[in-house]
Amino acid sequence: MLLGGTLTMMMSSLTVMSDSLIAGAVIGADAVAGVTLVTPLYSLVVFIGTLFSLGIPILYSKEMGRFRKKEADRIFGFGVLMTITVGIIMFVIISFLGDAFLQSSSPHKEVLAYAKEYLFWMRLTFLVMPFQMLLSEIVNGDGDEFISTIANVIQGLGNITLSIVLSRFIGMRGIGFASFIFYII
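Residues numbered from 1 in each chain as written. Predicted model: local features only at pLDDT ≥ 70, side-chain atom pairs only at ≥ 80, totals over all residues. Heavy atoms only, no water.

**Q** Residue-level account of the pattern of salt bridges, with values.
**A** Counting across every chain of the model gives four salt bridges. Between Lys69 and Asp73 there is a salt bridge, and its shortest N-O distance comes to 3.1 Å. Note that Lys69 and Asp73 are positioned in helix 3 (residues 69–103) at a spacing of four residues, about one turn of the helix. The shortest N-O distance in the salt bridge between Arg74 and Glu71 comes to 2.4 Å. Taken together, the residues Arg74 and Glu71, both in helix 3 and three residues apart, mark about one turn of the helix. Each of Glu63, Arg66 and Arg68 takes part in salt bridges that share partners, so that together they form one network. (Salt bridge = Lys/Arg side-chain N within 4 Å of Asp/Glu carboxyl O. Helix = DSSP H or I, 4+ residues; strand = E, 2+ residues; numbered from the N terminus.)

Here it is, written out as structure tokens:
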């Protein structure tokens, strides 16, 4: 279970790091600064998602080990409800206050424009991220490390590949869109 769990947590870091590298290589330094402006919001969502994606699978596995499937299902249902709720709350807050957060750093006009383009799709990523993190850890905790590992490798490699391709055609929105697509996949 070590490999699957480790890869799940690595995907959270890899996504924002690869987005920064691709933005810099394909678009330029202002694009990297734009990703950097969004990174604290991303980190906040990862933190909140991790609260549920680590605790709920442990409780779920514990109840399954005691052969109390009904209680395990209840715990899983609670986790699903909480991660969907948290995702919606984060999406709404960032949709209404995201621009104000970005402007609070007084960035250059170009940097702010890149950050807004990137945040457009990343706020949708924030909507699904807590739930995706929970599912990945539940699958891993339920004993199917292979599926969890394969899913995380596909997510990482797919995100990087699609980010490179889309950034050449639609810029920063392409990098954010690639992250969104591969969090859903």
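**Q** Outline helix 5 (residues 145–170), listing residues and values.
**A** Between its terminal C-alpha atoms helix 5 stretches 36 Å, which fits the 38 Å expected from 26 residues at 1.5 Å a residue. Among the residues making up helix 5, those that are buried are Ser148, Thr149, Asn152, Gln155, Gly156, Gly158, Asn159, Ser163, Leu166 and Ser167. (Expected span 1.5 Å × (residues − 1). Buried < 20%, exposed > 50% of the residue type's maximum accessible area, 1.4 Å probe, protein only.)

**Q** Tell me about the layout of surface pockets, and please be specific about residues and values.
**A** For the largest pocket, the calculated volume is near 300 Å³. As for the largest pocket, its lining consists of 18 residues, of which Gln132, Leu135, Tyr183, Ile184 and Ile185 are closest to the centre. Looking at the lining of the largest pocket, the elements with two or more residues in it are helix 3, helix 4 (109–141), helix 5 and helix 6 (172–184). No other element matches the seven residues that helix 4 contributes to the lining of the largest pocket. A class-by-class count of the residues in the lining of the largest pocket yields 12 nonpolar, six polar and no charged. (1 Å grid on protein atoms, 1.4 Å probe; cavity = no way out; pocket = protein on both sides within 12 Å on 5 of 7 lines; lining within 4 Å. Points joined across faces, edges and corners; volume = space filled by probe spheres on them. Nonpolar A, V, L, I, M, F, W, Y, C, P; charged D, E, K, R; others polar.)

**Q** Before we move on, can you summarise the packing of aromatic side chains with the specific residues and values?
**A** With the rule as written, the count across this model stands at five aromatic pairs. The ring of Phe120 has Arg123 sitting right over it, with the charged end atom 5.1 Å from the ring centre. Note that Arg173 overlies the ring of Phe120, its terminal NZ or CZ placed 4.3 Å from the centroid. (Phe/Tyr/Trp six-rings, centres within 6.5 Å; stacked < 30°, edge-to-face > 60°. Lys NZ or Arg CZ within 6 Å of the ring centre and 35° of its normal.)

**Q** Break down a nonpolar patch on the surface for me, with residues and values.
**A** Together, Ile84, Ile88, Ile89, Val92, Ile93, Phe96 and Leu97 line one region of the surface with nonpolar side chains, adding up to about 660 Å² of accessible area. Secondary-structure assignment places Ile93 in helix 3. Residue class for Ile93 comes out partly exposed when judged on its relative accessible area of 39%. (Patch = residues over 30% accessible without salt bridge, like charges linked within 9 Å, V, L, I, M, F, W, Y side chains within 5 Å. Areas by Shrake-Rupley, 256 points an atom, 1.4 Å probe, with all protein chains shown as cover.)

**Q** Please provide a residue-by-residue account of the packing of helix 4 against helix 6, values included.
**A** Closest axis-to-axis distance for the helix 4/helix 6 pair is 7 Å, and the angle between their directions is 5°. With respect to helix 6, the axis of helix 4 lies roughly parallel. In this structure, helix 4 contributes Tyr114, Glu117, Tyr118, Phe120, Trp121, Met122, Leu124, Thr125, Val128, Met129 and Gln132 to the contact, and helix 6 contributes Met172, Arg173, Ile175, Gly176, Phe177, Ser179, Phe180, Tyr183 and Ile184. (Axes fitted to C-alpha atoms, helices over the stretch in contact; angles between N-to-C directions. Parallel < 35°, antiparallel > 145°, perpendicular 65-115°, else oblique. Contact = heavy atoms within 4.5 Å.)

Distances and angles like these do not, on their own, reveal function.
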